[in-house]
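One letter stands for each residue in the lines below.
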Amino acid sequence: MQRSQDAAALWRIPSLAMPHQLRHLKTLEEARRLLWEALPQHIREGRFGGRETPIAEAVGFVLDTDILASEDLPPFDRSTMDGYAVWAEDTFRASERLPAQLEVVGEIRMGEDAALSLSHRQAAAISTGGMLPDGGDAVVMVEHTHLREDHSVEVLRPVAPGENIVRRGDDVREGEAVLAAGHRLRPQDVSALAGLGIAAVTVRRPRVAVLSTGSELVPHTEEAGSGRIRDMNGPALQAAARALGAEPADLGLVTDDPEAIRQAMRQGLAEADLLLVSGGTSVGVEDVVPDLIDSLGKPGVLVHGLAVKPGRPVVIGLVGEVPVFGMPGHPTSCLTIFRELVAPLLRLACGDRRNPLTRVRARITGNFTSQAGREEFVPVRLRQRDGFWEATPLLGPSALISTLVRADGLVRIPAACQGLCAGDEVEVEPFE
Ligand code: AMP
Ligand code: MG
């Protein structure tokens, strides 16, 4: 007995050092709920990470505030055609055989004040978008006119009052609510904002700080080997955050030195809305992230350990108002947990009401077993055959990123399920 304890201490066998939390693993669902309930009100209402952003860069993001027009669009009455500004009444009986003859009193130049006024039986040449003169209430298309050498114009068809013009404020009226908070900006919205002179809007673009920990890590731009591997989680988590519309902040990487990790986490907490720390979350001696989360502020660790494969050693905490995730070190586990835990939170917190997952029904092509008591996410390849989708499980150690690279999506195996047989129908969550 004594001997085996010594051996365990020597080899740092995790089960002996296992804190009580890890023996009571939470389900993904429980973890999501615990975190959600601990979040501050504004995040739960979907108002997370509001950031003033120039409108052309704001496309694809969700508005954080209602937008009211502070002026009319267009700002003056404009022609929608090339032609002549006229009084409609003067054209009422015009025809090819009996044109209305009007005196041309001038030309309205683009970009200039109309600076002339029209009396009855007068016309002014105008281009599309030109400012209408004082007087006149319609524009005759140039195709329906004939200019004579004596500076008069023959109008060959009648126009109705208001024809071929847009009035000041027809598009958007001053004081009108143009766009509502929660709306995802599209190019046409940016166009309207630009027309109204709104240069920047507040959109939900949470800043997600990303820190990699591990004494074995080197930046991905440096040489690996001799026990050192390149940091994969840092770039991957930044990419995953960016793909969701968040703004990644790179905290770089630190060794397994608790003080160095604490400093970097502090920096992340100060400058970001959400903090992701990968590595150092399991129960080895070097794994200090849970204690650091607790030491950095209240309420601290909410969940430590998930009944999920891959990705058991996850820590979820809240420091003040900043959610902090201790992500598993294995790159595949890290990304699976991002997708199943962090991404749904980010979406909800940013008020994204779109359905996040389109699922594909497919038939599994091979048998595989799954450990009961843990929800499992199995990477699969999707192929179409005879009008049906087939999902081929890609089994292998979770340490291999190439498995995820070859995969087209994940199949979720519920905790109670002990495996699947070839031909079983499953729902695949495809990667975007
Ligand atoms: P840990 O969670 O720190 O125990 O790490 C689990 C495994 O993931 C170890 O094999 C680490 O070397 C590996 N790992 C941790 N962080 C990274 C990273 N940023 N990039 C690539 N592999 C990592
Ligand atoms: Mg580590």
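Every value quoted in this text rests on a predicted model; they were computed, and no experiment measured them.

Visitor: Any details on the pattern of salt bridges? Residues and values, ideally.
Guide: This model, assessed by the stated rule, comprises 25 salt bridges. Between Arg47 and Glu45 there is a salt bridge whose closest N-O contact spans 2.4 Å. Of the charged contacts in the structure, one is a salt bridge between Arg339 and Glu340, with a shortest N-O distance of 3.8 Å. Across the pair, exposure class does not vary: Arg339 and Glu340 are buried alike.

Visitor: Tell me about the environment of Thr65, residues and numbers included.
Guide: Here Thr65 lies in the loop between strand S2 (62–63) and strand S3 (67–68). For Thr65, a relative accessible area of 34% translates into the label partly exposed. Taking the C-alpha atoms as reference, Thr65 lies 8.6 Å from Leu179; in sequence the two are 114 residues apart. Ignoring sequence-local partners within four residues, the contact set of Thr65 consists of Ala180, Ala181 and Thr202.

Visitor: Can you break down the nonpolar core residue by residue, with the values?
Guide: Ranked by internal contacts, the top residues of the largest apolar core, which has 35 residues, are Leu274, Leu276, Leu306, Phe325, Met327 and Phe338. Of all the secondary-structure elements, those providing two or more residues to this core are helix H4 (28–38), strand S14 (207–213), helix H7 (233–243), strand S18 (274–278), strand S21 (315–319), strand S22 (322–327) and helix H10 (331–349). Per-element tally for this core: the top contributor is H10, with nine residues.

Visitor: Explain unusual backbone geometry residue by residue, including any values.
Guide: The peptide bond linking Lys298 to Pro299 adopts the cis configuration, its omega dihedral lying at -5°. Cis geometry is adopted by the peptide bond preceding Pro310, which originates at Lys309 and carries an omega value of -5°. Locating Pro310 in the fold gives a position in the loop between strand S20 (308–309) and S21. Positive phi, close to 70°, is recorded for Arg121, a residue that is not glycine. By the secondary structure assignment, Arg121 is in the loop between strand S6 (100–107) and strand S7 (122–126). Positive phi outside glycine occurs at Asn164, with the angle close to 65°. Structurally, Asn164 is set in the loop between strand S10 (152–155) and strand S11 (165–166).

Rules used in this analysis
- Residues numbered from 1 in each chain as written.
- Chains lettered and ligands numbered in written order.
- Predicted model: local features only at pLDDT ≥ 70, side-chain atom pairs only at ≥ 80, totals over all residues.
- Heavy atoms only, no water.
- Salt bridge = Lys/Arg side-chain N within 4 Å of Asp/Glu carboxyl O.
- Buried < 20%, exposed > 50% of the residue type's maximum accessible area, 1.4 Å probe, protein only.
- Helix = DSSP H or I, 4+ residues; strand = E, 2+ residues; numbered from the N terminus.
- Contact = heavy atoms within 4.5 Å.
- Core = buried A, V, L, I, M, F, W, Y, C linked by side-chain atoms within 4.5 Å.

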